[in-house]
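For reference, the chains in residue letters:
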Amino acid sequence: MKKTTILSMIAMILAAVTLAGCNTVKGVGQDVQRGGRAIERAANK
């Protein structure tokens, strides 16, 4: 394989992993936020 083809494939794989990681971090942030809201509601009661 040509060097440019290999580099292109590596770049695409890294981009896919990065995008998947962003979605995971976003999901964790949303879960923590929901947990905080539940605690706040319980404290207000």
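The following refers to the structure shown.

**Things to note about the overall build of the chain**
Each helix and strand counted, the chain has 1 helix and 0 strands in total. When the backbone C-alpha atoms are referred to their principal axes, the chain occupies close to 65 × 5 × 5 Å. Put simply, the chain has 45 residues, and 0% of those count as buried. Approximately 4200 Å² of the chain is accessible, and the part contributed by carbon and sulfur atoms is 68%.

**Let's talk about the pattern of salt bridges**
Per the stated rule, a full pass over the model turns up 1 salt bridge. Across the pair aspartate 31 and arginine 34 runs a salt bridge, and its minimum N-O distance is 3.2 Å. Placement of both aspartate 31 and arginine 34 in helix H1 (residues 3-44) is noted, with a separation of 3 residues, approximately one turn of the helix.

**A word on the environment of glycine 36**
In this fold, glycine 36 is placed in helix H1. For the pair glycine 36 and serine 8, spaced 28 residues apart in sequence, the C-alpha to C-alpha distance is 42 Å.

**Observations concerning the environment of glutamine 30**
Checked against the element boundaries, glutamine 30 lands in helix H1. A residue is classified by how much of its surface remains accessible, and glutamine 30, at 32% relative accessible area, is partly exposed.

**Quick word on a nonpolar patch on the surface**
Nonpolar side chains collect at one region of the surface, where Ile6, Leu7, Ile10 and Leu14 lie side by side and expose about 370 Å² of accessible area between them. Considering the arrangement of structural elements, one finds leucine 14 in helix H1. A relative accessible area of 54% means that leucine 14 is categorised as exposed.

Quick notes on the rules
- Residues numbered from 1 in each chain as written.
- Predicted model: local features only at pLDDT ≥ 70, side-chain atom pairs only at ≥ 80, totals over all residues.
- Heavy atoms only, no water.
- Helix = DSSP H or I, 4+ residues; strand = E, 2+ residues; numbered from the N terminus.
- Buried < 20%, exposed > 50% of the residue type's maximum accessible area, 1.4 Å probe, protein only.
- Areas by Shrake-Rupley, 256 points an atom, 1.4 Å probe, with all protein chains shown as cover.
- Salt bridge = Lys/Arg side-chain N within 4 Å of Asp/Glu carboxyl O.
- Patch = residues over 30% accessible without salt bridge, like charges linked within 9 Å, V, L, I, M, F, W, Y side chains within 5 Å.

Purely spatial values, then, with no claim about function.
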